[in-house]
Amino acid sequence: RRSVAYRTGFDSVNFGGKVPLGLKRKGLRIVVTGGAGFVGSHLVDRLIARGDSVIVVDNFFTGNKDNVMHHFGNPRFELIRHDVVEPLLLEVDQIYHLACPASPVHYKHNPVKTIMTNVVGTLNMLGLAKRVGARFLLTSTSEVYGDPLQHPQVETYWGNVNPIGVRSCYDEGKRTAETLTMDYHRGAGVEVRIARIFNTYGPRMCIDDGRVVSNFVAQALRKEPLTVYGDGKQTRSFQFVSDLVEGLMRLMEGEHVGPFNLGNPGEFTMLELAQVVQETIDPNAKIEFRPNTEDDPHKRKPDITKAKELLGWKPKVPLRKGLPMMVSDFRQRIFGDQKNLGA
Ligand code: NAD
Ligand code: UDP
Ligand code: UDP
């Protein structure tokens, strides 16, 4: 098989598919599906800054043109409104496949569409990768571990997932997407990479997307009570978006298929998170308990030994450093217009 992943990338040097990070090179042509969303748009910023040409493919279900508007007019940037459930013909070197709603509120909204996106959407992007010889990176999720019986979670753990629950459209969808990715790798020789992303937060998250960090931050800024679901003792590990983007790019450029956990091992209960939000925004913010959602995982924390060893990656931004950066963005978006009107 031709090694074409970098065919447009270099003058005359053959790196055998391995591209040393930071090497001066001609730009690649890269597709980012879901590139108008939260994580995707930050990834696009980094790729454009590196000198690559980026095509964003997005159906704007949860993404927004505002997230990539600053690239309009750049000849190395293109935005295509397209649903990945439909086939797509493009000529590219790399595919970062992110298209899929990530907030439980969004992915439960139309569960069948979520499965279709994960299964048919991923199949189409793998078909595209196979046809043009592009390298393909799947953004999978810590949700493949379900409500984990092993803690912290290592990549070799097969998970504890309810196949018929309300979260299954996402969990099982992503598990199937991983399966397809490995089958295209084994069967068709497609160069693939799999990232299992743990809870990530940062600027450009949808303000009302229902995820816990965005909810608490928006609530504290609007002087509303922070809604803690259940007893608030369930845990999550929160990663700042710039750390994730660095991990995704290292994974794509590296030589290991994965899967790799990409997350920040700093683990917090939801009550502890509420406390950090109070410290950061408003010490007087009230907490209100609400019934928890069905099948909510009790705890989640990545073991990132593998990514540290094989990708030389580890997160750098702790929650208390990352949260203020998200807060200024949320403040701007929630109050920006009123300020301009003199309110
Ligand atoms: P997001 O909702 O902000 O972005 C998803 C993007 O995909 C949006 O722009 C949306 O419009 C687009 N999209 C959805 N369905 C599509 C379709 N059928 N065709 C084309 N575009 C479509 O979410 P995010 O947080 O940026 O997540 C990006 C990826 O990372 C997702 O695949 C998600 O499963 C994965 N992930 C994210 C997290 C996290 O905490 N943010 C954790 C685990 C995994
Ligand atoms: N596909 C696509 N773009 C391409 C090549 C394929 O969207 O450039 C889609 C194609 O429509 C198919 C899927 O990817 O639904 C899988 O393609 P593959 O060639 O692996 O399978 P086949 O078409 O032979 O069933
Ligand atoms: N959660 C909460 N209050 C909210 C939103 C979510 O306490 O306003 C809890 C939710 O029950 C879960 C955790 O926060 O235990 C993380 O939820 P999120 O939807 O952010 O992501 P998940 O990891 O469940 O996909």
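Residue positions within a chain follow its written sequence, with the count starting from 1. Chains carry letters and ligands carry numbers; both start at the beginning, A for chains and 1 for ligands, and go up in the order they are written. Where local features are concerned, this predicted model is filtered to residues with pLDDT of at least 70; where side-chain atom pairs are given and counted, the filter is 80 or more; whole-chain, interface and lining totals use all residues.

Enquirer: Summarise the overall build of the chain; cite the residues concerned and give the values.
Expert: The helix and strand inventory of the chain stands at nine helices and 13 strands. Each radius of gyration is computed over the set of C-alpha atoms, and the globule rule expresses the reference value as 2.2 Å times the number of residues to the power 0.38. The C-alpha atoms of the chain give a radius of gyration of 20 Å, which matches the 20 Å a tight globule of 343 residues would have. A burial count over the chain gives 44% of its 343 residues as buried. Residue pairs are scored as contacts if the distance between their C-beta atoms, which are placed from the backbone, is within 7 Å. Counted over contacts in the chain with a minimum sequence separation of 6, partners at least 24 positions apart contribute 78%. Helical segments are the DSSP runs of H or I of at least four residues, strand segments are the runs of E of at least two, and each set is numbered from the N terminus. Counts of 20 or more other C-beta atoms within 10 Å of a residue's own C-beta define buried residues, counts of 12 or fewer define exposed ones, and intermediate counts define partly exposed ones; C-beta atoms are placed from the backbone.

Enquirer: Run through the site of ligand 3, naming residues and quoting values.
Expert: The criterion for a residue being near a molecule or strand is a backbone-placed C-beta atom within 6 Å of that molecule or strand. Near ligand 3, the surroundings consist of 14 residues, among which Arg211, Val212, Asn215, Thr227 and Tyr229 are the closest. Elements with a contribution of two residues or more to the shell around ligand 3: helix 5 (212-221) and strand 8 (226-229). Among the elements that line the shell around ligand 3, the one with the most residues is strand 8, at three residues. Among the residues forming the shell around ligand 3, the class breakdown is five nonpolar, six polar and three charged. Under this grouping Gly is polar, as are all residues other than the nonpolar Ala, Val, Leu, Ile, Met, Phe, Trp, Tyr, Cys and Pro and the charged Asp, Glu, Lys and Arg.

Enquirer: Which residues make up unusual backbone geometry, and what values go with them?
Expert: Residue Pro152 is bonded to the preceding His151 through a cis peptide linkage, with omega at -10°. Within the secondary structure layout, Pro152 lies in the loop between strand 5 (135-141) and helix 4 (168-188). Geometrically, the link from Gly258 to Pro259 is a cis peptide bond, its omega value of 5° lying close to zero. By the element assignment, Pro259 lies in the loop between helix 6 (241-253) and strand 11 (260-262). Of note, the phi angle at Phe60 is positive, near 60°, even though the residue is not glycine. Given 12 C-beta atoms within a 10 Å radius, Phe60 is considered exposed. One non-glycine residue, Lys223, lies in positive phi territory at about 60°. Along the chain, the position of Lys223 falls in the loop between helix 5 and strand 8.

Enquirer: How would you explain the site of ligand 1 if you had to name every residue and give the values?
Expert: Taken together, 28 residues are adjacent to ligand 1, and Gly34, Gly37, Val39, Thr62 and Gly63 come closest. Elements that contribute at least two residues to the shell around ligand 1 include exactly helix 1 (38-50), helix 3 (111-132) and strand 5. By residue number, the principal contributor to the shell around ligand 1 is helix 1, which donates three residues. Per-class residue counts for the shell around ligand 1 are 13 nonpolar, 13 polar and two charged.

Enquirer: A description of the sheet that holds strand 2 (residues 53-58) should follow, citing residues and the corresponding values.
Expert: Read across the sheet, seven strands follow the order 3-2-1-4-5-6-11 without closing on themselves; strand pairing throughout is parallel. At either end of the open sheet lies a strand with only one pairing partner, and these are strand 3 (77-81) and strand 11. The average undirected angle you get between the axes of adjacent strands in this sheet is 20°. Pairing of strand 2 with strand 3 involves five bridges; the strand directions are parallel. Within strand 3, the position partnered with Ile55 by the bridge is Glu78. Here helix 4 sits on the sheet in contact with strand 5 and strand 6 (192-197), set at roughly 155° to strand 5. When DSSP finds two or more bridges between two strands, those strands count as paired. Lines fitted to the C-alpha atoms define the axes, with helices restricted to the stretch that makes contact. Angles between their N-to-C directions range from 0 to 180 degrees.

Enquirer: A description of the environment of Ser140 should follow, citing residues and the corresponding values.
Expert: Relative to the helices and strands, Ser140 is located in strand 5. Of the residues examined, Ser140 has 26 C-beta atoms within 10 Å and is grouped as buried. Between the alpha carbons of Ser140 and Glu255 there is a distance of 18 Å; along the sequence they are 115 residues apart. Contact partners of Ser140, with chain neighbours within four places excluded, come to Lys174, Ala177, Glu178, Ile194, Ala195, Arg196 and Pro259.

Enquirer: Talk me through the nonpolar core; I want residue IDs and the actual numbers.
Expert: Remark: nonpolar core denotes a set of buried Ala, Val, Leu, Ile, Met, Phe, Trp, Tyr and Cys residues whose joining runs through C-beta atoms within 7 Å. Counting 74 residues, the largest nonpolar core has Ile95, Phe136 and Leu248 as its most contacted members. Excluding residues within four positions of it along the chain, Leu248 makes contact with Leu43, Tyr96, Leu137, Ala195 and Leu262.

Enquirer: Describe in detail the UniProt feature "domain: NAD(P)-binding" (unreviewed entry) in the chain, supporting the description with residues and values.
Expert: UniProt positions are given in the numbering used here, feature names are shortened, and annotations may be inferred rather than shown by experiment. Taking the UniProt record as the reference, the feature "domain: NAD(P)-binding" (unreviewed entry) is found at residues 32-326. Within residues 32-326, the helical portion is 38% and the strand portion 17%, while the C-alpha atoms at the span's ends are 23 Å from each other.

Enquirer: Can you tell me about the packing of helix 5 against helix 7 (residues 270-280), naming the residues and giving the values?
Expert: At a closest axis distance of 10 Å, the pairing of helix 5 and helix 7 adopts a crossing angle of 40°. Judged by the angle between their axes, helix 5 and helix 7 are oblique. Remark: the crossing between helix 5 and helix 7 carries right-handed chirality. Of helix 7, the residues touching helix 5 (which contributes Val212, Phe216, Val217 and Ala220) are Met270, Leu273, Ala274 and Val277. The scheme is simple: roughly parallel for angles under 35 degrees, roughly antiparallel for over 145, roughly perpendicular for 65 to 115, oblique for anything else. We call a crossing left-handed when the near helix sits turned anticlockwise from the far one by less than a right angle, and right-handed when that turn is clockwise.

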